[in-house]
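# Structural description and commentary
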Amino acid sequence: MSTEPAAAEGHPGPADTDAPRAGQGAEATGPEETGPEEGAGTPGPDEPDEGSGAAADQDGATAEGKDEGASEAAAEIAAQRELQERIAQRKAAKEGPIAAGGKLSGTAADLLAAVRAVESGERPAAVFSEPDPAPRKIVAEPVRRAPAAAPAGPAEPAVAAVDAVRAVLTEGGAPVSLAAPAAATLGEGADSVLRDDPWQLLRIPGVRPEQADGFARALLGAECGPDDERRGRAVTVWLLEQAAVAGHTALDAPLLAQALGKRAVPDPDEAVQSAIAEGDALVFQDALEEPPGGPASAPESARKTAAEDGAEDGSDDGHEDGEEAERPVRVLVGLERYALAEESLADGLARLVNSLSKEDSSQALADWEPAAAAASGSTAELIRASAGHGLVLHTGAEAARAEPAALVQAAARLGLRVCAAAHTVDGRRRLAEHFGPGAPEGTAVTVSGLLSGAEGPGRDRDGALAVDLLVVLDAPQLDVETAAMLAESLPDGARLVLSGDPSVLWSAGPGRVFADLLAARVCPQIASRTPDPGPVGELVSGIGVGELNQVEAPGKEVVIVPVRDAAEAIHRAVQLVADSVPRAIGVPSEQTQVITPGHGGAAGTRALNAALKERLNPGPGRFGGFDPDDRVAYAPAPGRTVPGRVVRADAQGLHLDCAGTPVVVPQDAVERTVRHGWALTAHQAVGLRWPAAVVVLPGDATQALSRPWVYTAFGRGERHLSVVHGADAALPIAVAEVPAKPRTTRLQTLLRAQVPTAQ
């Protein structure tokens, strides 16, 4: 059966993608491996290092000096020597090679601009007569970039543009339903883009390479072939997009080349090089402290590009120094979107870590000590750590949410501007219960509402969030783009506390931010000692450490219902929701949630929702299969699932009630964003809890089971858990032996290059 990917509900990735998945080659180049303390590899092909401008300017200055006066030439040469000396000092200050993506900044950039101004005659050579500035101290607070705005959806394409694309699609035998998304994705002149490069159809979500190949053959005829450079470039980008659906922010170059070979790309190295040259992808060389299984090897194209970059910038790094040449590197290829988000996140977090001076930390520790003394255990540890550090990590399960809530209350009593954000509306409600009715409005918000400005304290004149302390719960659900927006939105001197349960499923979007930060050890980490109560809490705690224990449940808090096949599993699940749980436990059907591994299969969400609707709310489904009072799962954006209830339907669309908030879904978006919601997958249920949960484990879904999946699914019930068990021995094996699938990311390497590892 098809199982729930890490992508958002309503936006599933292809079921049988050939993109390298997490775990392939993990032993050789896993995400836990990190780079050196200083630097993260050599510059990529589109990112020359700081020496390249100096070498080019020196050649230009020499040629120009032959035609101009000796005095001016001498001044220019002296200025260039000064520039080269400064760049050399900057390089010497680092133990490793310059990180990929590094560019000129600060004094070096100013000097380079001045050199070019002199060469062009815009400024006299006397600009260099000023004395050298005093040596700069280490900057404690990196310059904060402008806060990133939440990504806006693509603009609605014009009717004429859609018609033009439809004509091209018809000519190539592609479905005309792709016309609108193609026009929106490819932008102005989308029809011409498709005629010039038919494989650009792969940029449309849901299109696969074999479909794009058929479209290209229809348009190009005999000119179409597997060795077409356009095809190799498009398939490379498609594979990177599929990897992002699986949670990776980049791919190891050998794995990408292997996947391209499976897609009949004759020269994978050339395809990768073409994608890099066109700006469709970026290449990174992250230095490794120790080779995991031998030195990482790059494709010939990547090695050639790196060599050319070294020649252009006038440096011979790795050739003159034998030790540097032997240094192992990990070559990664990724999409610019996620690469920039990861670098932005690392910069923002490093700024927060470094923004509190020792004096400020010492004063804050003294001011916060009475609040810490009034607390106890891990709550007191969390308050003290937050007083003295700009970034703190807090780990714990559901009951541990009381600790960051206590931190927020203590900081508010000290007069600080505070805010706490949860992943879901339900998480916000549970968080607000810890604050009580006296909490200021906007203290408890959702992450999406905070970033959009719909909730929370708003922003100051500089565009930063008006907070001194931001606590983010459900931190494992942060993908790199959302986390980057949060970090960049915080003002200098603010404190960020990320709190969450590290055992649950990771984010729907690319990255594993919370896990990477825990592994990087660049800030204090406080582990809660507050366990979840009751038999359900005891069972889930054991699963978190790989043990599936039997627990005492005198009040039927945990019930195991064995079944033989999928049909029996559906029958028993419906019986539990409609009859057994309300009668024996006292939890009504509308407060009981069914959870299953995937959407398809004999006992997936589609089959379960059909059976539950027939029993609990039968109806003709007049509006796209929905009737009033149907339970639904609404996905307003990738990675977000909001439970709701159908109120009515009219010409405006489908009217929903989502946790008390009215929502109108337009008719053309219903099929894409709304599903029945009596049964969900564990990925959809992350961040949500119900009084009772019924977890269905059909025999045809055993391959989808893992320890994080079981931990997440079993932990969704507050008072009661029923397990419809048809997985036999696959369940204890998954709990004991199947951890989370690795994701390839760069955050650890980027952070360790900027922040010393915490002791």
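Rules used in this analysis
- Residues numbered from 1 in each chain as written.
- Predicted model: local features only at pLDDT ≥ 70, side-chain atom pairs only at ≥ 80, totals over all residues.
- Heavy atoms only, no water.
- Helix = DSSP H or I, 4+ residues; strand = E, 2+ residues; numbered from the N terminus.
- Buried < 20%, exposed > 50% of the residue type's maximum accessible area, 1.4 Å probe, protein only.
- Areas by Shrake-Rupley, 256 points an atom, 1.4 Å probe, with all protein chains shown as cover.
- Phe/Tyr/Trp six-rings, centres within 6.5 Å; stacked < 30°, edge-to-face > 60°.
- Lys NZ or Arg CZ within 6 Å of the ring centre and 35° of its normal.
- Contact = heavy atoms within 4.5 Å.
- pLDDT = per-residue confidence, 0-100.
- Pairing = 2+ DSSP bridges.
- Salt bridge = Lys/Arg side-chain N within 4 Å of Asp/Glu carboxyl O.
- Core = buried A, V, L, I, M, F, W, Y, C linked by side-chain atoms within 4.5 Å.
- Axes fitted to C-alpha atoms, helices over the stretch in contact; angles between N-to-C directions.
- 1 Å grid on protein atoms, 1.4 Å probe; cavity = no way out; pocket = protein on both sides within 12 Å on 5 of 7 lines; lining within 4 Å.
- Points joined across faces, edges and corners; volume = space filled by probe spheres on them.
- Nonpolar A, V, L, I, M, F, W, Y, C, P; charged D, E, K, R; others polar.
- Arc of directions from axis to C-beta.
- Expected span 1.5 Å × (residues − 1).

## A closer look at the overall build of the protein chain
Along the protein chain, the regular secondary structure elements total 29 helices and 19 strands. Expressed as a percentage of the 759 residues in the protein chain, the buried residues total 52%. For the protein chain, the exposed surface amounts to about 33,300 Å²; the carbon and sulfur share of it is 51%.

## Re the packing of aromatic side chains
This model, assessed by the stated rule, comprises 0 aromatic pairs. When the ring centre of Phe284 is taken as reference, the NZ or CZ atom of Arg746 above it lies at 3.9 Å.

## Structural notes on the side chain of Thr395
Here Thr395 shows up in strand E4 (residues 391-395). Given a relative accessible area of 16%, Thr395 falls into the buried group. Beyond its immediate sequence surroundings of up to four residues, Thr395 is in contact with Gly500, Pro502, Phe514, Leu518, Ile526, Ala527 and Ser528.

## Some remarks on the confidence of the model for the protein chain
When pLDDT is averaged along the protein chain, the result is 81; 74% of the residues meet or exceed 70. Scored below 50 in pLDDT, residues 123-153 makes 48 contacts in the model with residues more than four places away or belonging to other chains.

## Observations concerning the sheet that holds strand E2 (residues 282-287)
Ordered in space as E1-E3-E2, the 3 strands form an open sheet in which the pairing is antiparallel. What marks the edges here is a single partner per strand, and that holds for strand E1 (251-252) and E2. Taken together, the 6 bridges between E2 and strand E3 (residues 329-334) define a ladder with antiparallel strand orientation. Pairing of Leu282 across the sheet is with Gly334, part of E3.

## Looking at unusual backbone geometry
Even without being glycine, Ala659 reaches a positive phi, approximately 55°. Owing to a relative accessible area of 58%, Ala659 belongs among the exposed residues under this scheme. Residue Asp728 is not a glycine yet carries a positive backbone phi of 55°. Structurally, Asp728 can be placed in the loop between strand E19 (717-725) and helix H28 (730-737).

## Details of the pattern of salt bridges
Here the structure, examined in full by the defined rule, presents 34 salt bridges. In this structure, Arg330 and Asp252 form a salt bridge, with 2.9 Å as the shortest nitrogen-oxygen distance. Here Arg330 is found in strand E3, whereas its partner Asp252 is found in strand E1, with 78 residues between them in sequence. For Arg330, a relative accessible area of 2% gives the class buried. Through salt bridges that share partners, Glu398, Arg401, Asp426, Arg429, Arg430, Glu433, Asp474, Arg689 and Glu718 make up one connected network.

## Describing the nonpolar core
Ranked by size, the top nonpolar core spans 88 residues in total, and within it Leu169, Leu201, Leu349, Leu470, Leu496 and Leu498 carry the most contacts. It is helix H9 (residues 229-245) that contributes the most residues to this core, 8 residues altogether. Core analysis: the second largest hydrophobic core is formed by 31 residues, Val504, Val686, Tyr711 and Phe714 among them.

## Here we look at the sheet that holds E4
Read across the sheet, 6 strands follow the order E6-E5-E7-E8-E4-E9 without closing on themselves; strand pairing throughout is parallel. The sheet is open, and its two edges are formed by strand E6 (444-446) and strand E9 (525-527), each paired on a single side. Put simply, the sheet's adjacent strands are angled 20° from each other on average, direction ignored. The pairing of E4 with strand E8 (residues 495-500) spans 5 bridges and is classified as parallel. From the neighbouring strand, Leu391 faces E8, where its bridge partner is Leu496. On the sheet, helix H16 (residues 377-388) packs against E4, E8 and E9 and is oriented at approximately 170° with respect to E9. Helix H21 (residues 513-520) contacts E4, E8 and E9 of the sheet and is inclined by roughly 105° relative to E4.

## With respect to the pairing of strand E11 (residues 592-596)
Burial analysis of E11 places 5 of its 5 residues in the buried class, the great majority of the element. Covered by surrounding structure in E11 are Thr592, Val594 and Thr596 together with Gln593 and Ile595, the residues of both alternating faces. Both E11 and strand E18 (residues 690-697) contribute to a ladder of 4 bridges, which runs parallel. Pairing of Thr592 across the sheet is with Ala692, part of E18.

## Structural notes on empty space enclosed by the protein
Rolled over the atoms, a probe with the dimensions of a water molecule shows which regions are left empty. Applying the stated criterion to the full structure yields 3 cavities of 30 Å³ or more. Of the voids in this model, the second largest cavity is the one considered here, and its volume is about 60 Å³. As for the second largest cavity, its lining consists of Leu345, Leu349, Leu478, Ala483, Leu486, Ala487, Leu496, Leu498, Val513 and Leu517. Elements with a contribution of two residues or more to the lining of the second largest cavity: helix H14 (336-355), helix H20 (480-489), E8 and H21. No other element matches the 3 residues that H20 contributes to the lining of the second largest cavity. In terms of residue class, the lining of the second largest cavity is made up of 10 nonpolar, no polar and no charged.

## What to know about H28
For H28, every residue scored as buried is listed here: Leu731, Ala734 and Val735. Along the axis of H28, the buried positions cluster into a sector of 95°, meaning they face one direction only.

## Overview of helix H17 (residues 402-413)
The periodicity of an α-helix, 3.6 residues per turn, causes residues three or four positions apart to be oriented the same way. Here H17 is 12 residues long and its end C-alpha atoms lie 17 Å apart, about the 16 Å a rise of 1.5 Å per residue gives. Looking at H17, one finds that the buried residues are Glu403, Pro404, Ala405, Leu407, Val408, Ala410 and Ala411. Phi for Gly415, located one or two positions after H17, is positive at around 90°.

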